[in-house]
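These are the residues of each chain, in order.
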Amino acid sequence: RLRKWQKRARVKDSTERNLLFALGELDRMSSQLNLPKNLRETAALIYRKAVDENLIQGRSIEGVSAASLYASCRKLDVPRTLEEIAEVSRISKKEIGRTFRFISRKLNLDLNIVSPRDFIPRFCSKLNLSEKVKEKAKKIIHKAEEKNILSGKGPTGIAASSIYIASIECGEKKTQKEIAEIASVTKVTIRNRYKELVKKLGINL
Amino acid sequence: MTYKRVIFMDPEIKIENVVASASFDQELDLEEIYERFEDAEYNQEKFPGVVYRLTEPKTAALIFSSGKLVCTGAKNVDDVEVAVDKVINKLREAGIEIKEKPKTVVQNIVASADLDHPLNLNSIAIGFGLESVEYEPEQFPGLVYRLDEPNVVLLLFGSGKIVCTGGKRPEDCEKGVKKVKQELKDLGLL
DNA sequence: GCTTTAAAAAGTAACAT
DNA sequence: ATGTTACTTTACAAAGC
């Protein structure tokens, strides 16, 4: 009996140590990314739920932490790219992606599909672009969605291209290189997407 | 070719890859095979099997010391048999006794199909239910749809092209494609 | 879990010309 | 600026780490 009790105490101990470590990870990554408090709390809730459902089995605490953080951004519709999360984690974006897909399926997080629109406020702020550019970029995305020319395309590339077009239309032009760095996509992708948008939406630049 | 085929092959699928396994009921000396085959690969550290590529049919055979074999790359189920026959001949030419041809078991079939109509993956994800579908365009351009009956996984693309994998028989892929096609029609998304 | 093999889909990326 | 190659996803067997 005594052994059983000791074993339980040990298990409880390591469980608590692991939880503390994970919460510390979430806090560390969140501060590095300047994420708001409510988002950190959502991430902690998702992580705890993952622990309760035994989803950590066979996965690293760091990986599940990073995936929980990515998921919390998605839950609040202010997605970060896997690239951004991976930059403040020791885990690769490939692994964070798989872990995220796994926990979001198991926990029924019912997340909305990422829309390029979700990235507009953040990217534009980082680029010091006006409210006018933001609105114009969102209109471009809306038209593109109506025409169904976005299926399968990466949302960050589309957000970046829409901003590129809108910045020119508003006389606040940013270079493809500047936008590419903030959106973590290559300038080649921005070029390809913007050419397609201009052509299919009949935009005159 | 015939009538039956035309009628039942409706959602024309193209088999792209067949993976099959077989077992010679005898142990094999991989070092010996590696030495006697001009063009085989074998790195124990890298992988425990000998890799032997055939040009006709274009396939790759993985040979293990247990006497088991895996054949990949065949474009149809019959080519698996042709490939395995060639591997057996090659082994016999190399002076390795092979008693009889083992039964081959198809483990997986990958097929492609085309709906000839662009798809709105956003609408499909919502229509099929976010819980039964996976669509993460940042990570992969295809929508992943898992079917229980038949037990296959389908990848749907914005172009209307489809990939079906996980089937054990060509009919599994046929049925899988037919099923999604019908579901898309029912939802008015095709 | 990983390693290796094959093949398709479409998008993105990396490196070369 | 374009072109080529390569990597992402799905399924599956094999033996061994």
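Residues numbered from 1 in each chain as written. Chains lettered and ligands numbered in written order. Predicted model: local features only at pLDDT ≥ 70, side-chain atom pairs only at ≥ 80, totals over all residues. Heavy atoms only, no water.

Visitor: Lay out the overall build of chain A with the relevant residues and their values.
Guide: Scanning chain A from N- to C-terminus turns up ten helices and zero strands. Starting at the N terminus, the α and β elements of chain A follow one another as α-α-α-α-α-α-α-α-α-α. Taken over the C-alpha atoms alone, chain A extends approximately 80 × 30 × 25 Å along its principal axes. Within chain A, the fraction of its 205 residues that count as buried is 48%. Summing over all exposed atoms, chain A offers an accessible surface of approximately 11,200 Å²; the carbon and sulfur share of this is 48%. (Helix = DSSP H or I, 4+ residues; strand = E, 2+ residues; numbered from the N terminus. Buried < 20%, exposed > 50% of the residue type's maximum accessible area, 1.4 Å probe, protein only. Areas by Shrake-Rupley, 256 points an atom, 1.4 Å probe, with all protein chains shown as cover.)

Visitor: Mind laying out the side chain of B:Asp172, listing which residues take part and the relevant values?
Guide: Its location among the elements puts B:Asp172 in helix H5 (residues 170–186). Contact partners of B:Asp172, with chain neighbours within four places excluded, come to B:Pro150, B:Val152 and B:Gly167. (Contact = heavy atoms within 4.5 Å.)

Visitor: Run through the protein's contact with DNA strand C, naming residues and quoting values.
Guide: The full set close to DNA strand C counts 29 residues, and A:Arg98, A:Thr189, B:Arg53, B:Lys58 and B:Ser159 are the nearest of them. Counting only the atoms of DNA strand C that lie within 4 Å of the protein, the sugar and phosphate share comes to 75%. In the environment of DNA strand C, a phosphate oxygen lies 2.9 Å from a nitrogen or oxygen atom belonging to the side chain of A:Arg193. B:Arg53 places a polar side-chain atom, nitrogen or oxygen, 2.3 Å from a phosphate oxygen of DNA strand C. Those elements that provide at least two residues to the surface near DNA strand C are helix H10 (187–200) of chain A together with strand S1 (13–23), strand S4 (58–63), strand S5 (68–74) and strand S10 (161–167) of chain B. (Near = heavy atom within 4 Å. Polar contact = N/O pair within 3.5 Å; in protein donor to acceptor, adjacent residues only side chain to side chain.)

Visitor: A description of the pairing of S10(B) should follow, citing residues and the corresponding values.
Guide: As paired elements, strand S6 (residues 105–114) of chain B and S10(B) share six bridges and run antiparallel to each other. Each bridged residue has a counterpart across the sheet, and for B:Asp114 the counterpart in S10(B) is B:Lys161. (Pairing = 2+ DSSP bridges.)

Visitor: Could you give an account of the protein's contact with DNA strand D, with specific residues and numbers?
Guide: Near DNA strand D you find 22 residues, and of these A:Lys94, B:Ser66, B:Asn108, B:Phe140 and B:Arg146 are the closest. Among all atoms of DNA strand D positioned within 4 Å of the protein, those belonging to sugar or phosphate total 67%. A:Lys94 is positioned with one of its side-chain polar atoms (N or O) 2.9 Å from a phosphate oxygen of DNA strand D. One nitrogen or oxygen atom from the side chain of B:Arg146 is found 2.7 Å from a phosphate oxygen belonging to DNA strand D. Of all the secondary structure elements, the ones that give two or more residues to the surface near DNA strand D are helix H5 (93–106) of chain A together with S5, S6, strand S9 (153–156) and S10 of chain B. Looking at side-chain class alone, the surface near DNA strand D contains ten nonpolar, five polar and seven charged residues. (Nonpolar A, V, L, I, M, F, W, Y, C, P; charged D, E, K, R; others polar.)

Visitor: Which residues make up the pattern of salt bridges, and what are the values?
Guide: Here the idea is simple: oppositely charged side chains can pair when their charged atoms come close. Under the criterion given, the structure shown has 24 salt bridges over all chains. The salt bridge partner of A:Arg90 is A:Glu62, with a shortest N-O separation of 2.3 Å. Of the two residues, A:Arg90 is situated in the loop between helix H4 (82–87) and H5 and A:Glu62 in helix H3 (residues 61–75); the sequence distance between them amounts to 28 residues. Salt-bridge contacts for A:Arg105 lead to B:Glu134; the nearest nitrogen and oxygen are separated by 3.3 Å. Placement of A:Arg105 in helix H5 and of B:Glu134 in strand S7 (residues 133–134) is noted, with the two residues assigned to different chains. The class of A:Arg105 is partly exposed, set by a relative accessible area of 41%. Classification of B:Glu134 by relative accessible area gives buried; the value is 18%. A single network of salt bridges, built from pairs that share partners, joins A:Lys153, A:Arg193, A:Glu196 and A:Lys200. (Salt bridge = Lys/Arg side-chain N within 4 Å of Asp/Glu carboxyl O.)

Visitor: If you had to explain the packing of helix H7 (residues 131–146) of chain A against helix H8 (residues 155–169) of chain A to someone new, which residues and values would you point to?
Guide: For any two helices packed against each other, one specifies the crossing angle of their axes together with the interaxial distance. Residues and elements named next belong to chain A. Direction vectors running N to C along H7 and H8 enclose 125°, while the axes themselves pass 8 Å from each other. With respect to H8, the element H7 is oriented oblique. Read as a crossing pair, H7 and H8 show a hand that is right-handed. Within the contact between the two elements, H7 uses Val133, Lys136, Ala137, Ile140 and Ile141 and H8 uses Ile158, Ser162, Ile163, Ile165, Ala166, Ser167 and Glu169. (Axes fitted to C-alpha atoms, helices over the stretch in contact; angles between N-to-C directions. Parallel < 35°, antiparallel > 145°, perpendicular 65-115°, else oblique. Left-handed = near helix turned anticlockwise from the far one by under 90°.)

Visitor: Can you lay out the sheet that holds S9(B) for me, pointing to particular residues and giving the numbers?
Guide: Residues and elements named next belong to chain B. An order of S2-S3-S4-S5-S1-S6-S10-S9-S8-S7 is seen for the ten strands of this open sheet, with the pairing classed as antiparallel. Edge positions in the sheet fall to strand S2 (40–41) and S7, since each has one partner strand and no second. Where S1 lies against S6, eight bridges are found, and the strand directions are antiparallel. Along S6, the bridge assignment pairs valine 18 with isoleucine 109.

Visitor: Please provide a residue-by-residue account of the side chain of A:Ser104, values included.
Guide: Residues and elements named next belong to chain A. Inspection of the secondary structure assignment puts serine 104 in helix H5. The class of serine 104 is buried, set by a relative accessible area of 19%. Reaching out from serine 104, the side chain makes a polar contact with the backbone oxygen of arginine 101 at a distance of 3.4 Å. Not counting the four nearest positions on each side in its chain, serine 104 is found in contact with Leu109 and Leu111.

Visitor: Just give me the short version of H5(A), but keep the residues and values in it.
Guide: Given 3.6 residues per helical turn, the α-helix brings residues three or four places apart onto the same face. Residues and elements named next belong to chain A. The end-to-end C-alpha separation of H5 is 20 Å, in line with the 20 Å expected for 14 residues at 1.5 Å each. Those residues of H5 lying buried are Ile96, Gly97, Thr99, Phe100, Phe102, Ile103 and Ser104. Contacts made by the buried residues of H5 are with helix H2 (37–52), H3 and H4. Asparagine 108 sits one or two positions beyond H5 and adopts a positive phi of about 50°. (Expected span 1.5 Å × (residues − 1).)

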